[in-house]
Amino acid sequence: MGECVCAVLRVLVLQAVWALCGGQVRYSVPEEAKAGTVVGRLAQDLGLEAGEAEARRLRLVAQGRRASVEVSGASGALVVSSRLDREELCGKSAPCALRLEVLVEQPLRVFHVELEVTDINDNAPIFPAARKNISLPENTPLGSRFPLEGASDADTGVNAQLSYTLSPSDHFRAEEENANSRSKSLFVVLRKSLDRETIPVHRLLLTASDGGQPSLTGTVELVISVLDINDNVPQFNQSVYNVVLPEDALVGKLVVRVNATDLDLGIYGEVIYEIDTVVPPSATDAFSIDENTGEIRLMEPLDFETVTIYDLNIKAKDKGIPPLSGHCKVVVEVMDVNDNAPEVWVTSLSVPVPEDASVGTVVALLSVSDRDSGANGRVRCWVWPSGPFGLEATFTGSYSLVLREALDRERVSEYEVEVRAEDGGSPALRASRGVRVPVSDVNDNAPAFSQAVYTVLARENNAAGAELARLWARDPDEAGNGRVSYSVAEGGVGGAAGSSSVGGGGSVWRPASSYVSVDAESGRVWALQPLDYEELQVLQFEVRAVDAGEPPLCGNATVQLFVLDENDNAPALLPAAGGGPEPGAVSLEASSGLGSGTLWAWAAWGAPAGQVVAKIRAVDADSGYNAWLRYELWEPRGKSPFRVGLYSGEVSTARALEEADGPRQRLVIVVRDHGEPARSATATLSVSLVEGAEAALAAGAGSGSSLLVARSAVGGESGSGATAATNVWLVVAICAVSSLFLLAVVLYGASRWAPRAAVLAGPGPTTLVCASEVGSWSYSQRHSRSLCVADGAGKSDLMVFSPNFAPPPGPAAKDTQPEPSSVLDTVLLASRVSSISPKVVRGYRVLNDVIVSSACAAMSLP
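1. With respect to the sheet that holds strand β21 (residues 295–298)
Within a sheet, neighbouring strands are paired by backbone hydrogen bonds and run either parallel or antiparallel to one another.
Step number 1: Taken in spatial order, the three strands of this open sheet run β17-β21-β20, and their pairing is antiparallel. The open sheet is flanked by β17 (254–257) and β20 (287–289), the only strands paired with a single partner. Strand-to-strand, the axes of this sheet are offset by a mean angle of 20 degrees, without reference to chain direction.
Step number 2: Sheet analysis places β17 next to β21, joined by three bridges and oriented antiparallel. Directly across from R257, in β21, lies its bridge partner E295.

Structure follows, in structure tokens:
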């Protein structure tokens, strides 16, 4: 903890010192320092700990020109790496300051270091030539001055301050004159009259000494020849001509016109002009002069960044023998124009940039410069196009490319940033540098389905492994962040109310994963097992899409799987609502989807056409069109005394029954649905033709003890003993006749005062069946069971709500204990009894007394 506090305090102190120092470290080193010389402890001055310089990769950023210094990786010191020559690095500029950029990482920071290379006196003065020839007439006046080209010293400051001494002479002396602040003139002055006959040639040594310690010198030999005759030299109207030229001046431009006059007459007064010397010597061919007119013209383009001032020594000589000459100086000052565009360098680049990088993140470091001076060298920088990046100035000519807005790789994955620079000249010059900044992906997008809810239709009895649907979730991220895997999240069948699916088959919860599965890679939904519409109608579950990012993101979609019904269930015959056979109802002895069952019914001879004898009841576990049933009379074909309602299943007389029709009619009835292909069931109906009184008696017996009647019928066909049959019939007759009258009265009152319809309700899924002369239709519905019976005409409409599946298997009607007659059977029987005449009723009473007496006598037998 203490080390952390110390580190924080050290950083704060460093920042404070850095702020007070203007954010810059300054060092000084003399030129010609040996390689390895320590300039300064850079790492320590920047506030870095021992060993931290190498860990954070303290280094110099490469610049346009060689700096001759480097950072020692181990110590973090700034050392000399190669020869330092101030004159080579800076020329005559003073002071010679090198601007260095130092870069450290973790975090990335840039520091600016100024290294001043101090001058040492390592350059001796140099004259343009080792010998200078001068011709002077012997009548040259005392005090005449003859210009000399001074020496030059590559050093600066005191080391470049020159002084001149002339070897001892009685006739000449050296004299210096400051023409202006920038140029100094050197002359040889005649102080004693010349005598060619005494000394024809004077040989003098001119020595130039600089101000260094120790002082260095340079010499030139002056050979002065004394001439005779011509005693007037040409004289210029001014000794110095000052001219200012823009650096973009065209070649051939007139610089200046100098003028000199000679007081002599004739050819001694004719003046010829020539350029004697040019400083710097490299510009000898930059100017030309017309020898007759004295016009000086520009012969080469000027460059302010190379030479800012030219000194031209002009000589005017006459045509005398020997010729006499006069001298002047033309100082040409070059004026800067904006002819250099800015230059932009990328010194450091940190890419790619993560899309969740914070605002202010440094992306690149740039260096900008312009060789022009003044306003022409002031550079303005910006980023184009304007976007999530911007520039921040860190130092003169240094900028940082930083993040200004949040990035989104899914919107823009890569930026082409152009850093533009413009100087302050008129017209302004521009430069640009392109920077490519790719954006790296982070997992910031969850998979998204195109729909929140998918509706899938699947036919039942599909094969296991069949493809039901394909789901696809889009994740705009890349690589693992955009790789999506799918799974079944939740959903199932059964359970408590409010479960996510609808289906039959009990309340045990079954997860959706037991029915369907989702391929993890492709999102293909396939069935694990065949689907059964009668078990499952709707399955709702959720599919989850999860990407492979860290942390993973997910999205959900709801799938509603609707199972489409197929015609895979044949119609199933239902037993009568009551337990025994009677007119208008049938008793089912056996039932099978494709086989035949035996049903019993009675009809009275003479019954009119259209009287309902029985009603075939069947149900189909399918739904819709597949459960719509129709009834057809298969046997006997042709002129049968009976017919079957096509959609009601009612067996009625086609004509009045006659004794010729025989005691019994066997009818084969086929029940078909409307599926493709259609499925069917067959029922065999046995109709016994009896007298009207016997039919009524059978009806009454059926209401009280229909089981006995059914058993008697079966027993008679099977050959049971006569004594047992007689006893059974006596008991049946006694019970039936005794209760017939009472039952008739009760039903008559019920038919007049009871409600027109009765409704029975019970739990469980039901099928709504509307039966009439028009047709029937089935519709599945849950949680209710209703039976509607309407009174009225002899052939009333019937609407039944019954279970949408066949009854559970069990013993045939003839082997089971009959249940009490249902409301349906009672109502149907009442409709038949109400049509019997009062005379028949009185006959039943008489017959009742006879049967009771006979029964008593039979019971008294041993």
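2. As for the pattern of salt bridges
Step number 1: Applying the stated criterion to the full structure yields 24 salt bridges.
Step number 2: Linking R666 and E635 is a salt bridge whose minimum nitrogen-to-oxygen distance equals 3.7 Å. Linking R666 in strand β51 (residues 664–673) with E635 in strand β48 (residues 629–635), this pair joins segments that are 31 residues apart in sequence.
Step number 3: One salt-bridge network, held together by shared partners, links R145, R173, E175 and E177.

3. Looking at the sheet that holds strand β29 (residues 398–403)
Step number 1: Across the sheet, four strands lie side by side as β24-β26-β29-β28; this open sheet has antiparallel pairing. Two strands bound the open sheet, and with one partner strand each, they are β24 (343–349) and β28 (389–395). Averaged over neighbouring strand pairs, the angle between their axes works out to 30 degrees when direction is ignored.
Step number 2: Here five bridges tie strand β26 (residues 362–369) to β29, and the two strands are oriented antiparallel to one another. Each residue of the ladder has a partner; that of S367, found in β29, is S398.

4. Remarks on the pairing of strand β40 (residues 524–527)
Step number 1: Judged by which residues are buried, β40 turns out to be one-sided: V525 and A527 face inward and are buried, whereas R524 and W526, on the alternate face, are not.
Step number 2: Looking at chain direction, strand β34 (residues 467–470) and β40 are connected through three bridges and run antiparallel. Residue pairing in the sheet places E467 in a bridge with W526 of β40.
Step number 3: Examined bridge by bridge, strand β39 (residues 516–518) and β40 share three bridges and lie antiparallel to one another. For S517, the partnering residue across the bridge sits in β40 and is W526.

5. Observations concerning the packing of aromatic side chains
For any pair of aromatic rings, the description consists of the separation of the ring centres together with the inter-plane angle of the planes.
Step number 1: A full pass over the atoms with the stated rule returns eight aromatic pairs.
Step number 2: Arranged with centres 6.3 Å apart and planes meeting at 55 degrees, the rings of F449 and Y486 form a pair that is tilted. Pair noted here: F449 is in strand β32 (residues 448–449) and Y486 is in strand β36 (residues 484–493), with a separation of 37 residues, a long-range link.
Step number 3: Residues Y625 and W628 carry aromatic rings whose centres are separated by 5.6 Å and whose planes lie at 65 degrees to one another, so their mutual orientation is edge-to-face.
Step number 4: By relative accessible area, Y625 is classed as partly exposed at 46%.
Step number 5: Owing to a relative accessible area of 19%, W628 belongs among the buried residues under this scheme.
Step number 6: An aromatic cluster of at least three residues, connected via ring pairs, comprises F449, Y454 and Y486.
Step number 7: The ring centre of F187 lies 4.3 Å from the NZ or CZ of R145, which sits over that ring.
Step number 8: Against the face of W384 rests R420, its NZ or CZ located 4.4 Å from the ring centre.

6. Comments concerning the side chain of D441
Step number 1: Take D441: it is sitting in the loop between β31 (430–440) and β32.
Step number 2: Side-chain polar atoms of D441 contact the side chain of R409, separated by 2.9 Å.
Step number 3: One polar contact links D441 to N481, side chain to side chain, over a distance of 2.9 Å.
Step number 4: When sequence neighbours within four positions are dropped, the list of residues in contact with D441 reads E355, R409, E410, D477, E478 and N481.

7. With respect to a nonpolar patch on the surface
Step number 1: Nonpolar side chains collect at one region of the surface, where V346, L349 and V351 lie side by side and expose about 200 Å² of accessible area between them.
Step number 2: With respect to the helices and strands, V346 occurs in strand β24.

8. Re the nonpolar core
Step number 1: Ranked by size, the top nonpolar core spans 29 residues in total, and within it V258, I296 and V330 carry the most contacts.
Step number 2: Of all the secondary-structure elements, those providing two or more residues to this core are β16 (240–246), β17, β19 (271–279), β20, β21, β22 (309–318) and β23 (325–335).
Step number 3: Sequence-distant contacts of V330, that is, excluding residues within four places in its chain, are made with Y241, V243, V256, V258, I296, Y310, D311, L312 and I314.
Step number 4: With 28 residues, the next largest nonpolar core counts A469, Y533, F541 and V563 among its residues.

9. Topic: unusual backbone geometry
Step number 1: Cis rather than trans, the peptide bond between S426 and P427 has omega equal to 0 degrees.
Step number 2: Counting through the fold element by element, P427 comes out in the loop between β30 (414–423) and β31.
Step number 3: Omega for the peptide link from E550 to P551 comes to 0 degrees, which places this bond in the cis form.
Step number 4: As for its placement among the helices and strands, P551 is situated in the loop between β41 (536–547) and β42 (554–564).
Step number 5: The phi torsion at N461 lies on the positive side, around 65 degrees, for a residue other than glycine.
Step number 6: Tracing the sequence through the fold places N461 in the loop between β33 (453–459) and β34.
Step number 7: Positive phi values are uncommon outside glycine, yet A479 reaches one of about 55 degrees.
Step number 8: Inspection of the secondary structure assignment puts A479 in the loop between β35 (473–474) and β36.

10. Quick notes on the environment of V346
Step number 1: Residue class for V346 comes out partly exposed when judged on its relative accessible area of 33%.
Step number 2: When the C-alpha positions of V346 and V419 are compared, they lie 9.7 Å apart, and in sequence the two are 73 residues distant.
Step number 3: Beyond its immediate sequence surroundings of up to four residues, V346 is in contact with A364, L365, L366, R433 and V435.

11. So, the confidence of the model for the protein
Step number 1: Of all residues in the protein, 74% attain a pLDDT of 70 or more, and the chain-wide mean is 76.
Step number 2: Low pLDDT, under 50, characterises residues 496–506; the predicted model gives this stretch 27 contacts beyond four residues in sequence or across chains.
Step number 3: Confidence drops under pLDDT 50 across residues 852–862; counting only partners more than four residues distant or on other chains, this segment forms four contacts.

12. Comments concerning the pairing of strand β13 (residues 201–209)
Step number 1: For strand β10 (residues 163–166) and β13, the ladder comprises four bridges, and the chain directions are antiparallel. In the strand pairing of β13, Y164 is matched with A208.
Step number 2: As paired elements, β13 and strand β14 (residues 217–227) share nine bridges and run antiparallel to each other. Bridged to L206 within β14 is V220.

Quick notes on the rules
- Residues numbered from 1 in each chain as written.
- Predicted model: local features only at pLDDT ≥ 70, side-chain atom pairs only at ≥ 80, totals over all residues.
- Heavy atoms only, no water.
- Pairing = 2+ DSSP bridges.
- Helix = DSSP H or I, 4+ residues; strand = E, 2+ residues; numbered from the N terminus.
- Axes fitted to C-alpha atoms, helices over the stretch in contact; angles between N-to-C directions.
- Salt bridge = Lys/Arg side-chain N within 4 Å of Asp/Glu carboxyl O.
- Buried < 20%, exposed > 50% of the residue type's maximum accessible area, 1.4 Å probe, protein only.
- Phe/Tyr/Trp six-rings, centres within 6.5 Å; stacked < 30°, edge-to-face > 60°.
- Lys NZ or Arg CZ within 6 Å of the ring centre and 35° of its normal.
- Polar contact = N/O pair within 3.5 Å; in protein donor to acceptor, adjacent residues only side chain to side chain.
- Contact = heavy atoms within 4.5 Å.
- Patch = residues over 30% accessible without salt bridge, like charges linked within 9 Å, V, L, I, M, F, W, Y side chains within 5 Å.
- Areas by Shrake-Rupley, 256 points an atom, 1.4 Å probe, with all protein chains shown as cover.
- Core = buried A, V, L, I, M, F, W, Y, C linked by side-chain atoms within 4.5 Å.
- pLDDT = per-residue confidence, 0-100.

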